[in-house]
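Structure at a glance
Here's the letter readout for the chains.
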Amino acid sequence: MKSIYNIWVFIACLTLASCYDEDPITASDSGNAGRFEFPQGDNSWDDDIIDIYNEFGVRLIYKDILDQDFTKSWIGGNTGMITYHGTGCINDEMTQFYVKFMKEHVFHYLNPKITEKILPMYWYLAFNFHNVWTFPTATLYNPMKSQGDLAMMDCWLTCFWGQNVGASQKDPLIAWMSPLAEDKTNYTIRRCFIINDVITAAIGKGNIVMPTEFDTGFDHSTRLVITDYDEDKLKPNYYLNRGYPGKINTANGNYTKPAAAPTAAAATFLGYVQLSIRFTKEEREEMFPSSKYPFTKEKFDLVQKYMKEKYNLDLNAIAEGPATWNITPYPELPPAILP
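Position numbers for residues count from 1 along each chain, tracking the sequence in the order it is written. Owing to the predicted nature of the model, reporting of local features is limited to residues with pLDDT of at least 70; listing and counting of side-chain atom pairs is limited to 80 or more, with chain, interface and lining totals taken over all residues. Side-chain measures here rest on the full set of heavy atoms in the structure, leaving out hydrogens and waters.

1. Description of the overall build of the chain
Helix and strand content of the chain: eleven helices and seven strands. To sort residues, take the accessible area from a 1.4 Å probe on protein chains only and compare it with the maximum for the residue type: under 20% means buried, over 50% means exposed, and anything in between is partly exposed. The burial tally for the chain puts 47% of its 339 residues in the buried class. Note on areas: Shrake-Rupley, 1.4 Å probe, and residue coverage restricted to the protein chains presented here. As displayed, the chain offers around 16800 Å² of accessible surface, 55% of which is attributable to carbon and sulfur atoms. Strands here are runs of E lasting at least two residues and helices are runs of H or I lasting at least four, both read from the DSSP assignment and numbered beginning at the N terminus.

Shown next, in the form of structure tokens:
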């Protein structure tokens, strides 16, 4: 039994070590890491994929993806009542869209200092990623959008579109929270989701550390006033007077007020980061006027400055997005498969 355990540990170490090889890849290389040939073609977007790999060490995979590739790391995967399903891109336009989004909306704002030892070997660009819950009397479909939807996967994944929708959803574009042509807010939400996952992982790994001075002035024990009547806003314990602006709902990308019980320092810091990459400086000023809530404004300024100077992360630039944010052509999509 001990020898078998040692073999599995050895295999795991080899797999993890292969995530971080330093040698640049060119279009003539076969990749020789796992079952996927890399790069997967000789198109213009493959050049961008190689550039991303050479800087960040992650391989964007867009074709030849099987259900088995969505199995969870080290724990068996598609077994029991829940199975995971999906494919790679279904046309060239979808691949082009994904790669341009990842290049211009995601990796453009990141740097290897914060992604080191975080990004996996593979990052799938998927279509129709969903799980299926099979019960004796029913089968339920659950659309899944990104790497944040599946803990303990040995890959990361982004899915913008799909066909199989659950009983509560009739529109695949809503079910997968797809970036919509000509709709900047939808692009912003998906960019925020992906970069939030990277930053959250970087904080968990210790690549990003909260500044000690951030916590100065907070009271994490006294309950907050979270109602928004005019008389409440004048109270010392009103949440914005106390410097608790809230966070982003990672299910829909909308703003969420804090709970009455204040969060701890680390969660409060992450909330400031989330709000800073979801809303621009002008939008945040409208939401949390600095003339009314100077303590909250002070903390936003501190977080923005610290992340830019310490980690070269321009949070407001992430919220603004690329100057040319709309990606064309928009991929042609098949009809929905309704339950």
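Having seen it, we continue.
2. Concerning the packing of aromatic side chains
For this analysis, a ring pair means two rings from Phe, Tyr or Trp (six-membered ring only for Trp) whose centres lie within 6.5 Å, classed as stacked if their planes differ by under 30 degrees, edge-to-face if by over 60, and tilted for the remaining angles. Enumeration over the complete set of coordinates arrives at 31 aromatic pairs. An angle of 40° between the planes, with centres 5.3 Å apart, marks the rings of phenylalanine 214 and phenylalanine 218 as tilted. Between the aromatic rings of tyrosine 238 and tyrosine 239, the centroid separation amounts to 4.6 Å while the plane-to-plane angle is 50°, which identifies the pairing as tilted. The class for tyrosine 239 is buried, based on a relative accessible area of 4%. What links up through ring pairs into an aromatic cluster is the set Phe214, Phe218, Tyr244, Tyr255, Phe269, Tyr272, Phe288, Phe295 and Phe300.

3. Comments concerning the confidence of the model for the chain
Put simply, the chain has an average pLDDT of 86, and 85% of its residues get 70 or more. For every residue, the predictor states its confidence as a pLDDT score lying anywhere from 0 to 100. Within the chain, no element has a lower average pLDDT than helix α1 (residues 2-18), which sits at 40, and none a higher one than helix α11 (residues 315-320), at 98. A low-confidence stretch, residues 74-78 (pLDDT under 50), is modelled with ten contacts involving residues beyond four sequence positions or located in other chains. In what follows, residue pairs with any heavy atoms lying within 4.5 Å of each other are defined as contacts.

4. Notes on the packing of helix α8 (residues 265-278) against helix α10 (residues 294-311)
With axes taken as lines fitted to C-alpha atoms, and helix axes fitted only over the stretch in contact, angles between N-to-C directions fall between 0 and 180 degrees. Running from N to C, α8 and α10 point in directions that differ by 80°, and their axes come no closer than 10 Å. Viewed along their axes, α8 and α10 adopt a mutual orientation that is roughly perpendicular. Residues Phe269, Tyr272, Val273, Leu275 and Ser276 of α8 form the contact with α10, whose own contacting residues are Thr296, Lys299, Phe300, Val303, Gln304 and Met307. Should an angle lie under 35 degrees it is considered roughly parallel, over 145 roughly antiparallel, and from 65 to 115 roughly perpendicular; all remaining angles are considered oblique.

5. A closer look at the side chain of lysine 299
As for its position among the elements, lysine 299 is in helix α10. Only four residue types enter the tally: Lys and Arg on the positive side, Asp and Glu on the negative side; His and the chain ends are excluded. Salt bridge, as applied in this entry: a Lys or Arg side-chain nitrogen positioned within 4 Å of an Asp or Glu carboxyl oxygen. It is glutamate 298 that comes nearest to the buried, bridge-free lysine 299 among opposite-charge side chains, at 4.2 Å. By the criterion applied in these results, polar contacts are pairs of N or O atoms within 3.5 Å in which, for protein atoms, one can donate a hydrogen and the other can accept it, and in which residues neighboring in sequence qualify only through two side-chain atoms. Here the side chain of lysine 299 touches threonine 216 through a polar contact of 2.8 Å, landing on its backbone oxygen. The residues contacting lysine 299, other than those within four sequence positions of it, are Glu213, Phe214, Thr216, Phe218 and Tyr272.

6. What about the nonpolar core?
Generally speaking, nonpolar side chains in soluble globular proteins are found buried as a group. Formed by 83 residues in total, the largest nonpolar core has its most connected members in Phe107, Trp123 and Met307. Excluding residues within four positions of it along the chain, methionine 307 makes contact with Ile208, Phe269, Val273, Asn312, Leu313 and Leu315. In this text, buried Ala, Val, Leu, Ile, Met, Phe, Trp, Tyr and Cys residues form a nonpolar core when linked through side-chain atoms within 4.5 Å.

7. Focus on the packing of helix α6 (residues 184-205) against α8
Between α6 and α8, the shortest axis-to-axis distance is 9 Å and the interhelical angle comes to 150°. Comparing the axis directions of α6 and α8 gives the class roughly antiparallel. Between α6 and α8 lies a crossing whose hand is right-handed. Counted together, Thr185, Thr188, Ile189, Cys192, Ile195, Asn196, Ile199, Thr200 and Ile203 of α6 and Phe269, Leu270, Val273, Gln274, Ile277 and Arg278 of α8 form the full contact between these two elements. All residues other than Ala, Val, Leu, Ile, Met, Phe, Trp, Tyr, Cys, Pro, Asp, Glu, Lys and Arg, Gly among them, are scored as polar; the first ten of these are nonpolar and the last four charged. Residue composition of the contact of α6 with α8, by class: nine nonpolar, five polar and one charged. Crossing chirality is assigned from the near helix's rotation relative to the far helix, an anticlockwise turn below a right angle marking it left-handed and a clockwise turn marking it right-handed.

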